[in-house]
Amino acid sequence: MKVSHRSWAVAAVIAVLFTLPWWSGDLYKVHLAALICTYWVLISGLNLVVGYSGQLSIGHVGLLAIGAYSFAILAGTHGMHPAVAIAASGALCALCGLLLGLPSLRLPGFYFAMATLAFALIVTEITLAQGNLTGGGVGLPVPGFPPPFDTPRGSYWLILAIASVVTWLTWNVARHTWGRGLVAVRDSVVTAQAVGVPVFRAKLTVFVFSGFTAGIAGALFAVLQSYITPDTFVFDLGLFFFVCIIIGGRGHILGPAIGTIVLTALPEMVAPLAKLGNFFYGLLLLVVVLLVPEGIGRVFQLLLERFRPRRGESHVVKPDLERLSRAIHAGRAIK
Amino acid sequence: MSLAARDVTKRFGGLTALSRVSLDVMPGEVHGLIGPNGSGKTTLLNLLSGYYRPDEGAIQMAQQDLSSATVQQRANLGIARTFQKPRLLPTLSVLDNAMIGGWRDARAGFLATAFMLPRASFDERELRNRAEEFLHGVGLSHAISRRANLLEHAEQRFLEIARALTQRPQFMLLDEPAGGLTPAEIEYLGGVIRVIAESGVGVLLVEHHTDFVFRISDRVTTLDVGAVIKHGTPDQVKRDPEVVRVYLGA
């Protein structure tokens, strides 16, 4: 029953998102929705790093920039097919994730955050310095998607499809043994070790994966911007990705998704907020951290639990030794 | 086939926490480890489970040298443990907390899980069934879908045991499992530990409740200031004048 409820909810959300270009009214909103989906491609991968394994990366904007520039260079300068260029951007950023993660993921929390910050700053400097490749401060034009994705609606649907696939992938990881292992790495390294989770390898694996999604997101982002310069990838953007996850709640997927939508859309839709962009982020972050430190995702969980029938809140432990004995014997029979 | 410490010495700076201590845990026995505070019980347990490396001597399992094996490698070889202060994952459900013990049996890698290949669903079903059986077995049927941060102390202790059992261990190291339990709960705990040992698992029981240890152990080792002062059956240890003097009292 529970599973079919969830399937219906997922189907409804997909239907609403798919039909968005027809009911949203104007093309600007379609563009905004495409931008949100693009951010989400990056954030859902980053969520496994920040929200699940608890590694505080604030420098993913650097990976976004690398993905965007490699798409612009491969598809624009070298005329590679956009589909291949998107995949190549993802692969390149996965490699960058590996090279960044190998030395830095052994550092404790705060120092790891500083390493990712340094990485983002270095990427900006390189894009400025390597003028022949990146156009320096002048920037690079970015080619669009090929037909039928060359219209605002077409590109929205393409990006929505990619975002859906990435969401599905991270959902699968989060909901299974891997997700539990990551939460163990976040909440109790000692427990993770005790059950055999290879802590460093687990962190590195999701970090490389988040590099891949950041690269894909970078390519899509470049197309939406149609022209990129180093100023497109300000450090605030990296902080923004991080804040979406913290506001959404660590260890959730729906929460950070809502965080991404709210933080991207609200300043655009409500005119007075546009001027107060950073003030608005700061205020929202303060409210969440003070009132619901576990984030929006936890609020939703608590609301859902309200509607579930409550069983008696017993705390009495009463072992069933026969059943225990059978279970242990069954376990020992496995080779 | 035993899990053994052979003449291990462990120093922390100038302090010798253990000096030339030997102990072996046989499959199917409950081996009690007692001694005053600071006598080195938990240090020995940390050496056996791999959180510390011995300065001298060796840790062996079935004649294989484990002295430099990581905690994870030992977990994969079948050594499970619980902690003095329960270490659960507070935001996950009781079932998820038990299922994490099945990490070593989950064969699906990261990509296989991400793409939900058949292996991943198979692992998930297997581990769920196994963890549920253990949770019913240790007496947590009422709390399976509860968030672990809502558990009371005794429930946390039994959940740690269920998590360790989900690892399908050959040896289980219990660090003061009776701490903070009521007499009735200690009774249940004794039953659970006996069943675990009778199924062929070797249990090392570090504990301060000496009556409890003498009642359920097959053999008992007593430590004092980092050295073994007596080793034998519960009756032998109970009557040993040295043990009475340093630990049990007259």
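Residues numbered from 1 in each chain as written. Chains lettered and ligands numbered in written order. Predicted model: local features only at pLDDT ≥ 70, side-chain atom pairs only at ≥ 80, totals over all residues.

1. Let's talk about the overall build of chain B
From N to C terminus, chain B includes 10 helices and 10 strands. Taking 18 Å as the expected radius of gyration for a compact globule of 250 residues, we find that chain B reaches 19 Å, a close match to that expectation. With respect to the principal axes defined by its C-alpha atoms, chain B has extents near 60 × 40 × 30 Å. For chain B, the residues scored as buried account for 50% of the 250 residues in total. (Helix = DSSP H or I, 4+ residues; strand = E, 2+ residues; numbered from the N terminus. Rg over C-alpha atoms; globule rule 2.2 N^0.38 Å. Buried ≥ 20, exposed ≤ 12 C-beta atoms within 10 Å, placed from the backbone.)

2. A few points about the overall build of chain A
For chain A, the count of helices and strands is 17 helices and two strands. Its C-alpha radius of gyration of 22 Å places chain A within 12% of the 20 Å reference for a compact globule of 335 residues. Overall size of chain A, expressed as C-alpha extent along the three principal axes, is 75 × 45 × 40 Å. Out of the 335 residues belonging to chain A, those deemed buried represent 46%. Considering only contacts in chain A between residues 6 or more positions apart, those separated by 24 or more positions represent 77%. (Contact = placed C-beta atoms within 7 Å.)

3. Quick word on the confidence of the model for chain A
With 96% of its residues at a pLDDT of at least 70, chain A reaches an overall mean of 90. Ranking the elements of chain A by mean pLDDT puts helix α14 (residues 271-275) of chain A last with 68 and helix α11 (residues 199-225) of chain A first with 97. (pLDDT = per-residue confidence, 0-100.)

4. Examining the interface of chain B and chain A
Between chain B and chain A, the contact holds 51 residues from the first and 38 residues from the second. Put simply, the parts of the chain that give the side of chain B that touches chain A at least two residues each are α2 (71-77), α3 (94-99), α4 (110-114), α5 (118-138), α6 (153-166) and α7 (183-198) of chain B. The greatest single-element share of the side of chain B that touches chain A, amounting to 10 residues, is contributed by α5(B). Each residue belonging to the side of chain B that touches chain A can be placed in one class, and the counts come to 25 nonpolar, 14 polar and 12 charged. (Nonpolar A, V, L, I, M, F, W, Y, C, P; charged D, E, K, R; others polar.)

5. Re the nonpolar core
Counting residues in hydrophobic clusters, the biggest one holds 174 residues, and the most contacted among them are A:Val41, A:Leu64, A:Ala68, A:Phe71, A:Ala72, B:Ala162 and B:Val203. The contact partners of A:Leu64, leaving out residues within four places of it in the chain, are A:Leu42, A:Ala214, A:Ala217, A:Gly218, A:Phe221 and A:Phe233. (Core = buried A, V, L, I, M, F, W, Y, C linked by C-beta atoms within 7 Å.)

6. Some words on the pairing of strand β7 (residues 171-175) of chain B
All names here are of chain B. With respect to burial, β7 is a largely interior element, five of its five residues being buried. Neither face of β7 is exposed, since Phe171, Leu173 and Asp175 on one face and Met172 and Leu174 on the opposite face are all buried. Relative to β7, strand β6 (residues 79-81) runs parallel, the two being bridged by three bridges. By the bridge assignment, arginine 81 is partnered in β7 with leucine 173. As paired strands, β7 and strand β8 (residues 202-206) are joined by five bridges and run parallel to one another. Among the inter-strand pairings, leucine 174 is bridged to a residue of β8, identified as leucine 205. Regarding the hand of the β-α-β motif, the stretch spanning β7, α7 and β8 is right-handed. (Pairing = 2+ DSSP bridges. Right-handed = clockwise from strand over helix to strand, strands pointing away.)

7. Description of the confidence of the model for chain B
Overall, the prediction assigns chain B a mean pLDDT of 94, with 100% of residues at 70 or greater. Reported confidence for the predicted complex is 0.93 by ipTM and 0.93 by pTM.

8. Digging into the domain arrangement of chain B
Residues and elements named next belong to chain B. On domain assignment, one finds that chain B holds domain 1 (1-78 + 169-250) and domain 2 (93-168). Distance from the C-alpha centre of domain 1 to the C-alpha centre of domain 2: 26 Å. If you look at the interface, domain 1 gives 10 residues, while domain 2 gives 10 residues. Every element with two or more residues in the side of domain 1 that touches domain 2 is listed here: α2 and α7. The residue makeup of the side of domain 1 that touches domain 2, split by class, is seven nonpolar, two polar and one charged. (Domains from an automatic or database assignment.)

9. Digging into unusual backbone geometry
A cis amide bond links A:Pro147 with the next residue in sequence, A:Pro148, at an omega value of 5°. You can see A:Pro148 is positioned in the loop between β1 (140-141) and α8 (152-174).

10. Focus on the packing of helix α13 (residues 254-269) of chain A against helix α16 (residues 295-307) of chain A
All names here are of chain A. Their axes nearest at 7 Å, the elements α13 and α16 cross at an angle of 120°. Compared by their axis directions, α13 and α16 come out oblique. Like other packed secondary-structure pairs, α13 and α16 cross with a definite hand, here right-handed. The segment α13 lies against α16, with Leu254, Gly255, Ile258 and Gly259 engaging Gly295, Ile296, Gly297 and Phe300. The residue inventory of the contact of α13 with α16, partitioned by class, reads four nonpolar, four polar and no charged. (Axes fitted to C-alpha atoms, helices over the stretch in contact; angles between N-to-C directions. Parallel < 35°, antiparallel > 145°, perpendicular 65-115°, else oblique. Left-handed = near helix turned anticlockwise from the far one by under 90°.)

11. Quick look at the sheet that holds strand β10 (residues 227-232) of chain B
Residue and element names in this part refer to chain B. Strand order in the open sheet made by the six strands is β6-β7-β8-β3-β9-β10, with mixed pairing throughout. On the outer flanks of this sheet lie β6 and β10, each paired with one strand and no other. Averaged over all pairs of adjacent strands, the angle between strand axes in this sheet comes to 20°, irrespective of strand direction. Along the sheet, helix α1 (residues 41-49) contacts β3 (30-34), β6, β7, β8 and β9 (219-224); its crossing angle with β7, the most-contacted strand, is approximately 150°. Running over the sheet, helix α10 (residues 241-248) touches β3, β9 and β10 and is turned about 125° from β10.

12. Remarks on the packing of helix α4 (residues 60-77) of chain A against α11(A)
The geometry of a pair of packed helices is captured by two quantities: the angle between their axes and the separation between those axes. Residues and elements named next belong to chain A. It is the contact of α4 with α11, at a shortest axis distance of 7 Å, that shows an interaxial angle of 55°. Here α4 lies oblique to α11, going by the angle between them. Relative to α11, α4 is oriented so that their crossing is right-handed. Taken together, the residues of α11 that come into contact with α4 (itself represented by His60, Leu63, Leu64, Ala65, Ile66, Gly67, Ala68, Phe71 and Ala72) are Ser210, Gly211, Ala214, Gly215, Ile216, Ala217, Gly218, Ala219, Phe221 and Ala222. Looking at the contact of α4 with α11 residue by residue, the classes come out as 13 nonpolar, six polar and no charged.

13. Considerations on the sheet that holds strand β4 (residues 56-61) of chain B
Residues and elements named next belong to chain B. Spatially, β2-β1-β4-β5 is the arrangement adopted by the four strands of the open sheet, whose pairing is antiparallel. The open sheet has two edge strands with one neighbour each: β2 (15-25) and β5 (64-65). Pairing between strand β1 (residues 3-12) and β2: seven bridges, direction antiparallel. The residue of β2 that forms the bridge with alanine 5 is leucine 23.

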